[in-house]
Amino acid sequence: MLGIDVLLAQYFENHLDDHFGTAVRRKIKDRLFERYGLSLQQSLQQFDIFEKVLSEFFGNASKGVLKNLFESVCTVKKQKSNKKQKSSFIEVRDETLANFILSTYGDNDKKAILSVATETALTLPEILRKSSLPTSSGYRVFNELAKRGFDHRDQRQFRKKRKSKIQVDYQGDQSEPGRH
């Protein structure tokens, strides 16, 4: 699972009560477990399953429900860099998620690990060596990142599949990517 998926799943789950109410959320959780043996967060990471269960409850309206749910947390925006290329970025709308991302990248040790680990797949000792962090504090920082969603399936490798720009707009300010 790509780290961003795990990270976003945590915040989508936080918004479910706002969109569905507690009783409906419980029914969705029960159905996910009965049919697929998955928790709500696991189904958000395996999105096609979550989508199937939602369509059981909401029918054709499930697409609109999903759109509203996603837009309460983040949206993907496209921007033309020039006439031939388009770039995409994620606009974070959830204030808690935005603060988490900013505080993570504001921490020099976390930023060092993420910067080294985003280019190619590396083992944790390789990441620590390239980021010049001491082993003990490097493992502590890495474990903090993993707990908060910068996770990975293969415990030996930590990587990001593609580069993303993140735009934070939780106070209504519109800012251009790269102008923060």
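Since this is a predicted model, take the numbers as computed values, not measurements.

1. Topic: the overall build of the protein
Here is step 1: Counting its secondary structure elements, the protein contains nine helices and three strands.
Here is step 2: Mapped from its N terminus to its C terminus, the protein presents α and β elements in the order α-α-α-α-α-β-β-α-α-α-α-β.
Here is step 3: The buried share of the protein, taken over its 180 residues, is 37%.
Here is step 4: Long-range contacts, defined here as pairs at least 24 residues apart, represent 55% of the contacts in the protein between residues at least 6 apart.

2. Some details on the packing of helix α2 (residues 22-36) against helix α4 (residues 47-58)
Here is step 1: The N-to-C vectors of α2 and α4 enclose an angle of 125 degrees; their axes lie 10 Å apart at closest approach. As far as their axial angle goes, α4 and α2 are oblique. Taken as a pair, α2 and α4 cross one another with a handedness that is right-handed. Here Val24, Lys27, Ile28, Arg31, Leu32, Arg35 and Tyr36 of α2 come into contact with α4, specifically with Ile49, Phe50, Lys52, Val53, Leu54, Glu56, Phe57 and Phe58.
Here is step 2: Here the contact of α2 with α4 is composed, by residue class, of ten nonpolar, no polar and five charged.

3. Some words on the pattern of salt bridges
Here is step 1: Going through the model one piece at a time under the given rule, you end up with nine salt bridges.
Here is step 2: Among the salt bridges present, the one from Lys63 reaches Glu51, with a minimum N-O distance of 2.7 Å. Here Glu51 lies in helix α4 and Lys63 lies in helix α5 (residues 62-73), a separation of twelve residues in the sequence.
Here is step 3: A salt bridge links Glu144 to Arg140; its shortest N-O distance comes to 3.0 Å.

4. Side note on the packing of aromatic side chains
Here is step 1: Under the defined criterion, the tally for this structure stands at four aromatic pairs.
Here is step 2: With a centroid separation of 4.3 Å and 65 degrees between ring planes, the pair formed by Phe12 and Phe70 is classed as edge-to-face. Of this pair, Phe12 sits in helix α1 (residues 3-20) while Phe70 sits in helix α5, and the two are 58 residues apart along the sequence.
Here is step 3: Judged by relative accessible area, which is 6%, Phe12 ranks as buried.
Here is step 4: Ring geometry for Phe20 and Phe58: centres 5.4 Å apart, planes at 25 degrees, overall stacked. In this pair, Phe20 is assigned in helix α1 and Phe58 in helix α4, connecting sequence segments 38 residues apart.
Here is step 5: Its relative accessible area of 11% is what places Phe20 among the buried residues.
Here is step 6: Joined through ring pairs, the aromatic side chains of Phe12, Phe47, Phe50 and Phe70 make up one cluster.

5. Some remarks on helix α7 (residues 108-117)
Here is step 1: Every buried residue of α7 is listed here: Lys110, Ile113, Leu114, Val116 and Ala117. Mapping the buried residues of α7 onto a view down its axis gives an arc of 165 degrees, with all of them on the same face.
Here is step 2: The secondary structure elements touched by the buried residues of α7 are α6 (95-106), α8 (124-131) and α9 (135-147).
Here is step 3: Two to three positions downstream of the cap, the backbone nitrogen of Asp109 sits 3.0 Å from a side-chain oxygen, assigning the N-cap of α7 to Asp107.

Calculation notes
- Residues numbered from 1 in each chain as written.
- Predicted model: local features only at pLDDT ≥ 70, side-chain atom pairs only at ≥ 80, totals over all residues.
- Heavy atoms only, no water.
- Helix = DSSP H or I, 4+ residues; strand = E, 2+ residues; numbered from the N terminus.
- Buried < 20%, exposed > 50% of the residue type's maximum accessible area, 1.4 Å probe, protein only.
- Contact = heavy atoms within 4.5 Å.
- Axes fitted to C-alpha atoms, helices over the stretch in contact; angles between N-to-C directions.
- Parallel < 35°, antiparallel > 145°, perpendicular 65-115°, else oblique.
- Left-handed = near helix turned anticlockwise from the far one by under 90°.
- Nonpolar A, V, L, I, M, F, W, Y, C, P; charged D, E, K, R; others polar.
- Salt bridge = Lys/Arg side-chain N within 4 Å of Asp/Glu carboxyl O.
- Phe/Tyr/Trp six-rings, centres within 6.5 Å; stacked < 30°, edge-to-face > 60°.
- Arc of directions from axis to C-beta.
- Polar contact = N/O pair within 3.5 Å; in protein donor to acceptor, adjacent residues only side chain to side chain.

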